[in-house]
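# What the coordinates show
Listed below, chain by chain, are the residues.
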Amino acid sequence: MGVRFLIPGPLQPFSGGRAAVALDASPGTVAEALAALGAAHPGLCERILTERGEVRPHVNVFVAETNIRDAGGLAARVTEGSEIAILPAVSGG
Amino acid sequence: MKPPAPLSVGNGDAVLLVGTMKGLFLLRSDGKRRRWAMTGPFFPGSSVYGAALDTRAGRRRLWAAPSSMHWGAELAWSDDFGKSWHRPATPLVRFPEASGSALKNIWQIVPGRADQPDTLYCGVEPSALFASHDAGKTWTLNEGLWNHPHRSQWTPGAGGLCLHTVLVDPAVAGRLTVASSTGGVYRSDDAGRSWRARNQGVRAEFLPDKHPEFGQCVHKIAHHAGRPGRLFLQNHWGLYRSDDGGDSWQDVAHGVPSDFGFCLGVHPRDPDTAFIVPLHSDGFRCTPDGKLRVYRTRDAGKSWQPMTRGLPQKDAFETVVRDGMAVDGFDPAGVYFGTRSGKLYGSRDDGRTWELLREGLPPIVCVKAVTAENVRGRRRAPRPRARRAGERLRRAA
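Conventions used here
- Residues numbered from 1 in each chain as written.
- Chains lettered and ligands numbered in written order.
- Predicted model: local features only at pLDDT ≥ 70, side-chain atom pairs only at ≥ 80, totals over all residues.
- Heavy atoms only, no water.
- Phe/Tyr/Trp six-rings, centres within 6.5 Å; stacked < 30°, edge-to-face > 60°.
- Helix = DSSP H or I, 4+ residues; strand = E, 2+ residues; numbered from the N terminus.
- Buried < 20%, exposed > 50% of the residue type's maximum accessible area, 1.4 Å probe, protein only.
- Lys NZ or Arg CZ within 6 Å of the ring centre and 35° of its normal.
- Contact = heavy atoms within 4.5 Å.
- Buried area = accessible area lost by both parts, 1.4 Å probe.
- Salt bridge = Lys/Arg side-chain N within 4 Å of Asp/Glu carboxyl O.
- Polar contact = N/O pair within 3.5 Å; in protein donor to acceptor, adjacent residues only side chain to side chain.
- Nonpolar A, V, L, I, M, F, W, Y, C, P; charged D, E, K, R; others polar.
- Pairing = 2+ DSSP bridges.
- Axes fitted to C-alpha atoms, helices over the stretch in contact; angles between N-to-C directions.
- Core = buried A, V, L, I, M, F, W, Y, C linked by side-chain atoms within 4.5 Å.
- Arc of directions from axis to C-beta.

With that out of the way, let us pick up the packing of aromatic side chains. All names here are of chain B. One pass over the structure, following the stated rule, counts 14 aromatic pairs over all chains. Residues phenylalanine 43 and tryptophan 85 carry aromatic rings whose centres are separated by 4.8 Å and whose planes lie at 65° to one another, so their mutual orientation is edge-to-face. Here tryptophan 85 lies in the loop between strand S7 (76–78) and strand S8 (105–111) and phenylalanine 43 lies in the loop between strand S3 (37–42) and strand S4 (47–54), a separation of 42 residues in the sequence. Of the two residues, phenylalanine 43 and tryptophan 85, neither departs from the other in class, the shared state being buried. Both rings, one in tryptophan 63 and one in tryptophan 77, keep their centres 5.7 Å apart while their planes meet at 50°; by these two values the pair is tilted. Taken together, the residues span a long stretch of sequence, with tryptophan 63 in strand S5 (residues 61–68) and tryptophan 77 in strand S7 at a distance of 14 residues. Assigned by exposure class, tryptophan 63 and tryptophan 77 land together as buried. Through pairs of rings, three or more aromatic residues link up here, namely Phe42, Phe43 and Trp85. Here the guanidinium or amino end of arginine 151 rests over the ring plane of tryptophan 146, the centre of that ring lying 3.5 Å away.

Below, the structure is given as structure tokens:
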């Protein structure tokens, strides 16, 4: 069953143009899910995370409807069938 | 958004790389520089503080440093003047894990010496220097500067803690000069292995000790390729010249309405000629009295004259940031600058008269003036002519 990532438009050049990426993997945390995503689609994780392995300040990662910043960050739990959305924050100018 | 239309560029054309807070624009003209075609924005939504054209070793490689507030900064390149861009999956410039830092922005991309055609440099935020010695395929952090004992005491200005200027000395092999805000000027004479602060005479108005060894907020430095050792410096309060490669600096703020400003340009042939846009104070940071004036010196800073023909002299409260000015290699020289209000001005007579080339652009943060080379299948337009230093300039003024 795996997990499913929702990819925003600016990152789709690194997901083969796809808005959603399904991974046949069983990660236990968001960090593990992102590692699987990065292995399948190089370039995505580098733009979601900094070199220090932190979620970029203006990027939000949701598991279902929960922002992982409210659920343990990259250690937030994911389960079979989880949908993980990568969303740009409402910042800009 | 539709992709920008291709820009048809021929050998010898003048090309402007205009980085804005919302993408990169390219302008092209022939050597006369009367009419400019424009295309863009490339990387819409990303700021572009760094851009360069590398024409060494038969290349026509355009480099750009788009920085997305959301997805980070990266280096991209194009070999067809923007028709297609290469964005490596793993961004080329990344801090090593041991540094404990993460890249915020790329402020400067600079090709190395002509006799090192595969060397390039990047100045980044947080303040650091990266170098590539394989034509940009791989980049490494300059450890000599990163491990400098002064670095921990550098502090960020309004633009962040950035290494915004990299000067590659064309005459002295192994000499690199960089500037950081704050931090000041640092020079290496051994190709980047070791670095020494070079701020003697440059004041730090915002510190108790006004003349520290380092810590100055240097906004821009520029050197003259034809006269080794000649540099100009626009400081956060202060305007300086060095004739000894930065070993010492002399105050040359003679006759300017303010010695505060950001941008700086030097003439391509006359080492005594430079251009600035003074701003009123670090509190206001706009052109004094609502007059947009480029000040030009033709005597190495002994005096400065306002260049106003074609520039608005009423209700023009403009700001030109540190990389917002460029000078081309043509004769007479073209001088260009962009404003925070999105206006792009140009002069094609050594700064004597000015025209509004474009308006309505996003805030302009970088302007680079380059000459196209190595373009296949196109006519060869007249190349910039070399003349005796300053000859034409003096006749025209």
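Now, onward.
Moving on to the interface of chain B and chain A. Tallying the contact residues gives 17 residues for chain B and 22 residues for chain A. The junction of chain B with chain A conceals about 1700 Å² of combined surface from both sides, 56% of it contributed by carbon and sulfur atoms. Among the residues of chain B in contact with chain A, Met69, His70 and Trp71 of chain B are the three that bury the most area, contributing 45% of the side total. Counting every contact that joins chain B to chain A gives one salt bridge. Linking chain B with chain A are nine residue pairs in polar contact (both at pLDDT 80 or more), by the criterion used here. Split into classes, the residues belonging to the side of chain B that touches chain A amount to eight nonpolar, five polar and four charged.

Residue and element names in this part refer to chain B. Judged by pairing direction, the sheet is antiparallel, and its four strands sit side by side in the order S24-S25-S26-S27 without closing on themselves. Of all the strands in the sheet, just strand S24 (325–327) and strand S27 (355–358) have a single pairing partner and so form its edges. For this sheet, the mean angle separating the axes of adjacent strands, direction not counted, is 25°. In this structure, S24 lies alongside strand S25 (residues 335–338), joined through three bridges in antiparallel fashion. The partner of alanine 326 across the bridge, within S25, is tyrosine 336.

A separate point is the nonpolar core. Residue and element names in this part refer to chain A. Counting residues in each nonpolar core, the largest one holds 25 residues, and the members touching the most others are Phe5, Leu34, Leu37, Ile48 and Ile86. For this core, the secondary structure elements donating two or more residues are strand S1 (3–6), strand S2 (20–23), helix H1 (30–40), helix H2 (44–48), strand S3 (59–63) and strand S5 (83–88). The element best represented in this core is H1, accounting for four residues. Not counting residues within four places of it along the chain, the set of residues in contact with leucine 34 comprises Phe5, Cys45, Ile48, Leu49, Leu74 and Ile86.

Our next topic: the side chain of histidine 70 of chain B. Its location among the elements puts histidine 70 of chain B in the loop between S5 and strand S6 (72–73). Judged by its relative accessible area of 14%, histidine 70 of chain B falls in the buried class. Looking at histidine 70 of chain B, its side chain comes within polar contact range of the main-chain oxygen of alanine 89 of chain A, at 2.9 Å. Among all residues touching histidine 70 of chain B, those that are not within four sequence positions of it are Arg47, Arg56, His58, Val59, Pro88, Ala89 and Ser91 of chain A.

Turning next to H1 of chain A. Given 3.6 residues per turn, any residue in an α-helix points the same way as the ones three and four places further on. All names here are of chain A. Of all the residues in H1, the buried ones are Val30, Ala33, Leu34, Leu37 and Gly38. The buried residues of H1 all sit within an arc of 135° when viewed along its axis, so they share a single face. Facing away from the buried side of H1 by over 90 degrees, the exposed positions are Ala35 and Ala39. Here the buried face of H1 lies against S1, S2, H2, S3 and S5.

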